Amino acid sequence: MVEENRKRELFLADDSQIIRIKVGRALRDAGYTVNEFTNGDDIIAKIRELGKDKDVVVITDNQMPNSDGTKRQNNGIEVLNAASLKAEELKHTNPEVIIKTIMISASLPSEQSKEVVAAGTKADAHFDKTDKDYIPDLVNKVGKLLQYTPTPLQQTSTGRVV
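What counts and what doesn't
- Residues numbered from 1 in each chain as written.
- Predicted model: local features only at pLDDT ≥ 70, side-chain atom pairs only at ≥ 80, totals over all residues.
- Heavy atoms only, no water.
- Salt bridge = Lys/Arg side-chain N within 4 Å of Asp/Glu carboxyl O.
- Buried < 20%, exposed > 50% of the residue type's maximum accessible area, 1.4 Å probe, protein only.
- Helix = DSSP H or I, 4+ residues; strand = E, 2+ residues; numbered from the N terminus.
- Arc of directions from axis to C-beta.
- Contact = heavy atoms within 4.5 Å.
- Expected span 1.5 Å × (residues − 1).

On to the pattern of salt bridges. Charged atoms that come close allow side chains of opposite charge to pair. Within this structure, the stated rule accounts for 8 salt bridges. Among the salt bridges present, the one from E36 reaches R28, with a minimum N-O distance of 3.0 Å. You can call R28 partly exposed: its relative accessible area is 39%. With a closest N to O distance of 3.4 Å, D61 and K129 form a salt bridge. With a gap of 68 residues between them, D61 in strand β3 (residues 54-61) and K129 in the loop between β7 (125-128) and α5 (134-145) connect regions that are remote in the sequence.

Okay, helix α2 (residues 40-49) next. For α2, every residue scored as buried is listed here: G40, I43, I44 and I47. Each buried residue of α2 sits inside an arc of 100° when the element is viewed along its axis, so together they form one side. Where the residues of α2 are buried, they touch β1 (7-13), β2 (33-37), β3, β4 (64-65) and α3 (75-91).

Moving on to helix α1 (residues 17-29). Between the first and last C-alpha of α1 there are 18 Å, a value that for 13 residues agrees with the 18 Å anticipated at 1.5 Å per step. Regarding α1, the residues found buried are I19, R20, V23, G24, A26 and L27. Down the axis of α1, the buried set is contained in an arc of 165°. They therefore lie on one face. Structural note: α1 exposes Q17 and I18 on the side pointing more than 90 degrees away from its buried face. Looking at the buried positions of α1, the neighbouring elements they touch are β1, β2, β3, β6 (99-105) and α5. Directly after α1, the chain includes G31, whose backbone phi takes a positive value near 100°.

Purely spatial values, then, with no claim about function.
Take a look at the structure:
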């Protein structure tokens, strides 16, 4: 079991402000510290700065722009690769460190799924943003990945997560 005093942070990367607001709010309401990113370059830079003193879940969209605004088809795969490399690096100095990844996307066609596997990286979970119930499931999955029980989320009759 993970030490209760370990720092836990979430990195959320999505070019959609609406997704960042909804997902970020739900994760904060569950008690997490959330760092938000609008592009793949910035989250990759932050991942590379990680030290061995915190556990992190990286939540990334599959298709995001680079920092210069140009759209890159598989930017999410690059984010997954960066997280995987950093996890391997940190395991040498602290085998207890947790760096997990979640891919969120409006659609991840089977060809792109094959590319994720072929790249040697696989997300620990995938959520479809078109599924109206994905946010509570995402929050619960983050808790499982960090071996932590988040504050339960409730849905109102209108579907709003509170």
